[in-house]
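# Structural overview
Spelled out from the first residue to the last, the chains are:
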Amino acid sequence: MRFTVNRKVMLEHLKTMVSLVPKTNTFPELKGFLIEANEDDGHLYLTANNMEAAIQRKFITGIEEGGFFVIDARTLISILFHLNGDEVVFEKGDRGGVKISTPKCTFTMSVLDGELFPRPNIPFPDSTVKVAGMKKLYNKTSGATSKDTTHILNGIHIEVLPNSITATGCDARCIAAAAHQMDCGGSMDFTLPKASLSYLVSAAGDEELEVGKSGNFIIFMKEGMLFSAKRLAKEYVNTNMILDSLKTVYEAKLEFKDFKEQVQYASDMSAMGVECSYVRLDFEENCISLTTGNDVGSGTYSVDAVKIGGESGRSFYYPSVMLKDLFKTVDGTMILRLDARGYLLVFNRTDKYLITPITSAAVEKQNKKYEEQMKKARGETADKSAKKTRSAKKAA
């Protein structure tokens, strides 16, 4: 087996695939790339598979003799990164090792038999629709997914309609929904694990893709790339029903930059205590005030807002982390709607972010903890002062 490849082209392809490769696994072949040189069609095929998702990329290169092998993924990337020159020659010897060489450098690597690699089943779907902007949709919604990888809410739900794609993430405390307008040529919906979607966007970014279903798998395709992932079979939560159930009691318009700046100030203050404190939002006539306090101190901040409807004077507490996360989803001029229960919906023309409030019991518990911490700190300060006074009198 022998082929010559452009080093930069191969490296860039592999870098988009490596996030899918497990760093640790009982089976060493899963920690590697399957490298296949097909002398019949002139393509070099690169494959990675972690049994939940798989990707195959191909490109034309100079193949003298075909063959295949499995090589440790991260080692190969490191070798290609450190080699100089444009062209790299791969040559597999009779004893199973592979030489990777340029005119000035040669590496000899142990490899595994390509027959051991679990080749992914990537069937061609019966019908497909078009999608694009998947990286932007992932970035706007992935922060709202559950950390429990066994739960349906660890997934991101994708709904494709003839003229738009919507991605939704939800962890039962917040909802993030983002849309991308385009001609999709049909309708489809599915839920993919957050990790699987991250592998896809690493490889394809925001490029246009064909996507279809085949059994329990979702298949994404573009020129030179096939990606498949197991979809989550359980039905995703009906977030539209939750959003439609909100009863608005206050509505205002405000600007992304102004709101983000004040939330950042409040979040910085909230992080200074023994634990991250909650932030109280006061919904007023011409502004929204943000207040937080802990065992270190307190701060109040204000952002201008144009009230559109409802009544001012309500207050609710929210986690500072979720307040910051809403800016990953919504930007520009935003509308803020408050539900009587404290549910806070922030949205623009295409994107939405819903936060649920902290219960009064949780706020009281945290305030009590801060009071105890401050009493303890005052006591320790008094003890130190008394000890210092006694030492001074004894010295006199």
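The present account deals with the structure reproduced in this document. (Residues numbered from 1 in each chain as written. Predicted model: local features only at pLDDT ≥ 70, side-chain atom pairs only at ≥ 80, totals over all residues. Heavy atoms only, no water.)

### Some thoughts on unusual backbone geometry
Spelled out, the test is: Counting from the N terminus, the helices are the DSSP runs of H or I reaching at least four residues and the strands are the DSSP runs of E reaching at least two.
Positive phi, normally seen in glycine, also occurs at Met51, with a value near 80°. In this fold, Met51 is placed in the loop between β3 (43-49) and β4 (53-60).

### Things to note about the pattern of salt bridges
Selection rule: The working definition used for a salt bridge is a side-chain nitrogen of Lys or Arg within 4 Å of a carboxyl oxygen of Asp or Glu. Classification of residues uses two cut-offs on accessible area relative to the type maximum, computed with a 1.4 Å probe and protein chains only: under 20% is buried, over 50% is exposed, and between them is partly exposed.
A complete count under the given rule lists 12 salt bridges for this structure. Measuring nitrogen to oxygen at the nearest pair gives 2.9 Å for the salt bridge that ties Glu251 to Arg337. One end of the pair, Glu251, is in strand β19 (residues 248-255); the other, Arg337, is in strand β25 (residues 333-339), and 86 residues separate them in sequence. Classification of Glu251 as buried rests on a relative accessible area of 16%. A salt bridge links Lys328 to Asp325; its shortest N-O distance comes to 3.2 Å. With Lys328 and Asp325 both in helix α7 (residues 320-329) and 3 residues apart, the pair spans about one turn of that helix. Shared partners join several salt bridges into a network, and the residues in it are Arg2, Glu64 and Glu91.

### Comments concerning the sheet that holds strand β1 (residues 2-6)
In plain terms, the rule: What makes two strands pair is DSSP finding at least two bridges between them. Interaxial angle, 0 to 180 degrees, is taken between N-to-C directions of lines fitted to C-alpha atoms, where a helix line uses only the stretch in contact. Here a residue-residue contact requires only that any non-hydrogen atoms of the pair lie within 4.5 Å.
Strand order in the open sheet made by the 5 strands is β5-β1-β7-β8-β9, with antiparallel pairing throughout. Looking along the sheet, the strands with just one partner apiece sit at the ends: β5 (62-65) and β9 (105-109). Pairs of neighbouring strands in the sheet enclose a mean axial angle of 15°, with direction left out of account. Pairing between β1 and β5: 3 bridges, direction antiparallel. Among the inter-strand pairings, Phe3 is bridged to a residue of β5, identified as Ile63. On top of the sheet, helix α1 (residues 7-15) reaches β1 and β7 (87-92); it is set at about 85° to β1, its chief contact.

### Here's the deal with the layout of surface pockets
This is how it is decided: Here a cavity means grid points, on a 1 Å grid over the protein atoms only, where a 1.4 Å probe fits yet cannot get out; a pocket means an open set of points with protein on both sides within 12 Å along at least five of seven lines; lining residues are those with an atom within 4 Å of a point. Grid points are joined across faces, edges and corners, and a volume is the space filled by probe spheres set on the points. Each residue gets one label: Ala, Val, Leu, Ile, Met, Phe, Trp, Tyr, Cys and Pro are nonpolar, Asp, Glu, Lys and Arg are charged, and the others, such as Gly, are polar.
Volume-wise, the largest pocket comes out at about 380 Å³. What lines the largest pocket is a set of 20 residues, and nearest its centre among them are Glu159, Thr166, Thr168, Thr239 and Asn240. For the lining of the largest pocket, the secondary-structure elements that each account for two or more residues are β12 (155-161), β13 (164-170), β14 (174-181) and α5 (239-244). Residues of the lining of the largest pocket, tallied by class, amount to 6 nonpolar, 8 polar and 6 charged. For the second largest pocket, the calculated volume is near 230 Å³. By residue number, the principal contributor to the lining of the second largest pocket is helix α4 (residues 194-204), which donates 4 residues.

### Details of the side chain of Gln366
Relative to the elements of secondary structure, Gln366 occurs in helix α8 (residues 360-395). Those residues in contact with Gln366 that sit more than four places away from it in its chain are Glu275, Cys276, Ser277 and Tyr278.

### Some thoughts on the packing of aromatic side chains
Heads up, the rule is: Centres within 6.5 Å are what make two rings of Phe, Tyr or Trp a pair, Trp counting through its six-membered ring; a difference in plane orientation under 30 degrees is then read as stacked, over 60 as edge-to-face, and the rest as tilted.
Within the structure shown, the criterion is met by 7 aromatic pairs. Centre to centre, the rings of Tyr250 and Phe283 are 5.5 Å apart; their planes meet at 55°, and the pair counts as tilted. With a gap of 33 residues between them, Tyr250 in strand β19 and Phe283 in strand β20 (residues 278-283) connect regions that are remote in the sequence. Judged by its relative accessible area of 0%, Tyr250 falls in the buried class. Phe283 gets classed as buried once you look at its relative accessible area, which sits at 0%.

### Details of helix α3 (residues 134-141)
What counts here: It is the directions from the helix axis to the C-beta atoms whose arc is reported.
Listed as buried for α3 are Met134, Leu137, Tyr138 and Thr141. Projected onto a plane normal to the axis of α3, the buried residues spread over an arc of 100° and lie on a single side. Where α3 is buried, its residues touch β11 (129-131), β12, β13, β14 and α4.

### Quick word on the pairing of β13
Most of β13 sits out of view: 6 of its 7 residues are buried. Here β12 pairs with β13 via 5 bridges, running antiparallel. Within β13, the position partnered with Ile158 by the bridge is Ala167. Pairing of β13 with β14, which is carried by 7 bridges, proceeds in the antiparallel orientation.

### A closer look at empty space enclosed by the protein
A complete count under the given rule lists 1 cavity of 30 Å³ or more for this structure. Roughly 30 Å³ of internal volume is contained in the largest cavity. If you go around the largest cavity, the residues you meet are Lys140, Thr141, Gly143, Ala144, Ala176, Asp325, Lys328, Thr329 and Tyr353. If you list the elements that add at least two residues to the lining of the largest cavity, you get α3 and α7. Residues of the lining of the largest cavity, tallied by class, amount to 3 nonpolar, 3 polar and 3 charged.

No statement about biological role is implied by the geometric values presented.
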